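Structural characterization, general
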Amino acid sequence: MKRIWKYIYKKVRNYPLSSLLTAAIWVACLVPVPETPLKDVSFFDKWVHIGMYALLVLVIWHEYVHRYEKQASLKKLLLWGWLAPALMGGVIELAQAWCTGGNRSGDWLDFAADAFGATVGALIGILLVAIRARGRRDS
């Protein structure tokens, strides 16, 4: 058990913004939602999900590339910086459906928005990494 906590501490220390944003997403998705005037805006909730997950993926990619500049692995980035956040969106939707006592409801379209947002973030991340690599080659 001590090894697990040591591993978690290391990851939080190495990826502080990603960890903070992940925790914030979990909290935001599991607490009851207060009434807001924006509830009448069509698909507002879906846009929020897309934005949250695109931002999360971009932050993960930034921290990973910044930390492992020379030996960054696209395979690891796609696994941990795209697939894991997208699957986290699905887990959160299941938790909303089963663990919130009816305060929140899981929605397949929210999961689709989460996965789409993660994909948008990953595509922007790939583009930024390519631009950064090209700039280094040119200089």
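What counts, and where the lines are drawn
Residues numbered from 1 in each chain as written. Predicted model: local features only at pLDDT ≥ 70, side-chain atom pairs only at ≥ 80, totals over all residues. Heavy atoms only, no water. Phe/Tyr/Trp six-rings, centres within 6.5 Å; stacked < 30°, edge-to-face > 60°. 1 Å grid on protein atoms, 1.4 Å probe; cavity = no way out; pocket = protein on both sides within 12 Å on 5 of 7 lines; lining within 4 Å. Points joined across faces, edges and corners; volume = space filled by probe spheres on them. Helix = DSSP H or I, 4+ residues; strand = E, 2+ residues; numbered from the N terminus. Nonpolar A, V, L, I, M, F, W, Y, C, P; charged D, E, K, R; others polar. Core = buried A, V, L, I, M, F, W, Y, C linked by side-chain atoms within 4.5 Å. Buried < 20%, exposed > 50% of the residue type's maximum accessible area, 1.4 Å probe, protein only. Contact = heavy atoms within 4.5 Å. Disulfide = S-S within 2.5 Å.

**A look at the packing of aromatic side chains**
Scanning the entire structure with this criterion turns up 2 aromatic pairs. Ring plane angle 45° and centroid distance 5.1 Å describe the contact between Y64 and Y68, whose orientation is recorded as tilted.

**A word on the layout of surface pockets**
Taken as a whole, the largest pocket spans an internal volume of roughly 670 Å³. For the lining of the largest pocket, the elements supplying multiple residues, two or more each, are α1 (2–14), α2 (16–30), α3 (44–67) and α4 (74–99). Here the lining of the largest pocket gets 7 residues from one element, more than from any other, and that element is α4. When the residues that make up the lining of the largest pocket are grouped by side-chain class, the tally is 12 nonpolar, 6 polar and 2 charged. For the second largest pocket, the calculated volume is near 550 Å³. Among the elements of the structure, α2 and α3 are those that each provide at least two residues to the lining of the second largest pocket. Sort the elements by how many residues they give to the lining of the second largest pocket and α3 lands first, with 6 residues.

**Considerations on the nonpolar core**
Formed by Y15, V57, W61, Y64, V65, L77, A86, A118 and A122, the largest nonpolar core amounts to 9 residues. Looking at this core, the elements with two or more residues in it are α3, α4 and α5 (108–138). Considering each element in turn, this core owes the most residues, 4 residues, to α3. Residue contacts for A118: discarding those within four places in its chain leaves Y53, A54, V57, W82 and A86. Formed by 8 residues, the second largest nonpolar core is a distinct cluster that contains I25, Y53, L56 and I60.

**What to know about the state of the cysteines**
In the structure shown here, the tally under the stated rule is 0 disulfides. Left unpaired, C99 is separated from the closest cysteine sulfur, that of C29, by 13 Å. With a relative accessible area of 63%, C99 lands in the exposed category.

Function cannot be inferred from these measures alone, as they are strictly geometric.
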